Amino acid sequence: MLLQQEQDYLLLLLHLIITSRNSGFKFIIGGRDFKSLPLFFGAVLTGAFVFLPIAIPMIKTFFMPAKKLILLLVVFLLANTLSAQVLDTTLLRYRSNFQQEKIHIHFDKTVYNKGETIWFKAYIMAGDSLSDYSRNFYLDVYNDSGILIKHTVHPVFESSARGSIEVPQQYKGEVLHIKAYTRWMLNFDKDLLYFKDLQVAQTNASAKKVSPFASLKLFPEGGDLVAGLESNVAFLAADQSGKPVAIRGAILN
């Protein structure tokens, strides 16, 4: 049912449309006569006056929950942003005050004999400064099969530790695997612990014979030798391991 005011608007618009058509009112655009143009505008205005009073309450009914939803979304985004800022601040404080330790070790040699003593000194860093987190320094020794053969503990004094370990007298391997760490370092990635391999000389190991001369390669200038033309020829003499060796020779016909 249309309200009385809407019925009056509708009758007025219909009256204007009929009057404009009976009076011969014309819209001429580009030489063309648009007699139905008043009827079109009348239909548009009629729809606007009739349906807007019905549509506006529906729009209000729809947008009221939308406003609440938007407000809730804004509050959620603000809370999420604040939580992220708090988390970033906490991580930055943790990273600044509790940094990861790193170990640098100086050994007295790189190759040892069986039964020999390995002397070392370790320096413990946290970031770019000396660390004061740890009180003990741990050094483990593994054989070339990855089996633990010795576990040692050394006190830390002024961010450094020193000590010695013995190479087993009957050790048959050629490498000792060293792993060093502190308890604080175990809180982080295990791949960031200190690892190093030390060579162990085996006097009874059979030495591999290397031929003093194994191959000779010629490299003519331009890639080919041309009969009747003088050209330079480079050569490379190498042993079995590919290392160059000095030779002396002659070119014969």
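Residues numbered from 1 in each chain as written. Predicted model: local features only at pLDDT ≥ 70, side-chain atom pairs only at ≥ 80, totals over all residues. Heavy atoms only, no water.

*Asks:* Help me understand the environment of H104, please; the structure alone is not making it clear to me.
*Replies:* Take H104: it is sitting in strand β3 (residues 101–107). Residue class for H104 comes out partly exposed when judged on its relative accessible area of 46%. Sequence separation between H104 and I124 is 20 residues, and the spatial gap between their C-alpha atoms is 6.6 Å. Dropping the residues within four chain positions of it, H104 is found in contact with K121, A122, Y123 and M125. (Helix = DSSP H or I, 4+ residues; strand = E, 2+ residues; numbered from the N terminus. Buried < 20%, exposed > 50% of the residue type's maximum accessible area, 1.4 Å probe, protein only. Contact = heavy atoms within 4.5 Å.)

*Asks:* Which parts of the structure should I look at to understand unusual backbone geometry?
*Replies:* Working note: non-glycine residues mostly have negative phi, and peptide bonds are mostly trans. Located in the positive-phi region is E158, a residue other than glycine, with phi close to 55 degrees. Inspection of the secondary structure puts E158 in the loop between β8 (148–155) and β9 (160–166). Unlike most non-glycine residues, S159 shows phi in positive territory, near 60 degrees. Take S159: it is sitting in the loop between β8 and β9. Judged by its relative accessible area of 11%, S159 is buried.

*Asks:* What am I meant to see in the side chain of Q202 here?
*Replies:* Among the structural elements, Q202 can be located in the loop between β11 (194–201) and β12 (215–220). On the basis of relative accessible area, Q202 is assigned to the buried category, the value being 15%. A polar contact is formed between the side chain of Q202 and the side chain of K114, at a distance of 3.5 Å. Only 3.1 Å separates the side chain of Q202 from the backbone oxygen of Y171, close enough to count as a polar contact. (Polar contact = N/O pair within 3.5 Å; in protein donor to acceptor, adjacent residues only side chain to side chain.)

*Asks:* Is there a simple way to explain the pattern of salt bridges in this structure?
*Replies:* Oppositely charged side chains can form a pair if their charged atoms are brought close together. Counted under the stated rule, the structure contains one salt bridge. Here K109 makes a salt bridge to E116, at a shortest N to O gap of 2.3 Å. A relative accessible area of 22% places E116 in the partly exposed class. (Salt bridge = Lys/Arg side-chain N within 4 Å of Asp/Glu carboxyl O.)

*Asks:* Where do I start with the nonpolar core in this structure?
*Replies:* Generally speaking, nonpolar side chains in soluble globular proteins are found buried as a group. In this structure, I103, I105, F107, I118, F137 and L139 are the most contacted members of the largest nonpolar core, which totals 26 residues. Contributions of two or more residues to this core are made by β3, β5 (117–126), β7 (136–142), β9, β10 (175–181) and β11. If sequence neighbours within four positions are ignored, I118 has contacts with F107, D108, Y112, G163, S164, I165, V167, L176 and L198. (Core = buried A, V, L, I, M, F, W, Y, C linked by side-chain atoms within 4.5 Å.)

*Asks:* Is there a simple way to explain a nonpolar patch on the surface in this structure?
*Replies:* A contiguous nonpolar patch, built from L216, L218, L225, V233, F235 and I247 and spanning about 590 Å² of accessible area, is present on the exposed surface. Going through the elements one at a time, β12 and β13 (233–238) are the ones with two or more residues in the nonpolar patch. Inspection of the secondary structure puts V233 in strand β13. (Patch = residues over 30% accessible without salt bridge, like charges linked within 9 Å, V, L, I, M, F, W, Y side chains within 5 Å. Areas by Shrake-Rupley, 256 points an atom, 1.4 Å probe, with all protein chains shown as cover.)

*Asks:* Would you explain the confidence of the model for the protein in this entry?
*Replies:* Low-pLDDT portions of the prediction should not be read for the details of their coordinates. Mean pLDDT for the protein: 75, with 57% of residues reaching 70 or above. Segment residues 23–32: pLDDT under 50, and 10 contacts once partners within four positions in sequence are set aside and those in other chains are kept. (pLDDT = per-residue confidence, 0-100.)

*Asks:* Mind showing me how you'd approach the packing of aromatic side chains here?
*Replies:* Describing an aromatic ring pair means giving the distance of the ring centres and the angle of the ring planes. Applying the stated rule across the entire model yields five aromatic pairs. For the ring pair Y138 and Y181, a centre distance of 5.5 Å and an interplane angle of 15 degrees mean the geometry is stacked. Pair noted here: Y138 is in strand β7 and Y181 is in strand β10, with a separation of 43 residues, a long-range link. Pair check on accessibility: Y138 and Y181 agree, each one buried. A centroid spacing of 5.8 Å and a plane angle of 65 degrees characterise the contact between W184 and F188, whose relative ring orientation is edge-to-face. A connected cluster of aromatic rings, assembled from ring pairs, spans F107, F120 and F137. (Phe/Tyr/Trp six-rings, centres within 6.5 Å; stacked < 30°, edge-to-face > 60°.)

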